[in-house]
Amino acid sequence: MALTFDVFGRLVLLEGGEDRWTAYYPGSEGKRRPAEDIVIPPGIAESELRQYLADLCHEWAKHRHPDVKPVN
């Protein structure tokens, strides 16, 4: 399963495995690079991801991008 979030103006793709999520920064032409600065511990439920990203990345917040929103 894959979910995309707008995290304070920056797109983050999360791919779900058996018990953990892996974060990527999507790029052009379908390419992506690992988001090594975003580590999601095992056991975080899909319903908790938006708030977890908001708490983890709150330094990215700007007046023009004040929130974390699901894209898909």
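The coordinates are above.
This report concerns the structure included in the present document.

Parameters and conventions
- Residues numbered from 1 in each chain as written.
- Predicted model: local features only at pLDDT ≥ 70, side-chain atom pairs only at ≥ 80, totals over all residues.
- Heavy atoms only, no water.
- Pairing = 2+ DSSP bridges.
- Helix = DSSP H or I, 4+ residues; strand = E, 2+ residues; numbered from the N terminus.
- Axes fitted to C-alpha atoms, helices over the stretch in contact; angles between N-to-C directions.
- Contact = heavy atoms within 4.5 Å.

### Quick look at the sheet that holds strand β2 (residues 10-16)
Move 1: Pairing is antiparallel in the open sheet, where five strands are placed in the order β4-β3-β2-β1-β5. Looking at the sheet topology across the chains shown, the edges are occupied by β4 (32-34) and β5 (68-70). Within this sheet the neighbouring strands show an average axis-to-axis angle of 35°, counted without direction.
Move 2: Two strands pair when backbone bridges link them, and strand β1 (residues 2-7) and β5 are joined in this way by three bridges, in the antiparallel orientation. In the sheet register, phenylalanine 5 faces β5, and the bridge partner there is proline 70.
Move 3: The sheet strands contacting helix α1 (residues 49-56) are β1, β2, β3 (21-26) and β5, and the helix crosses β1 at an angle near 40°.

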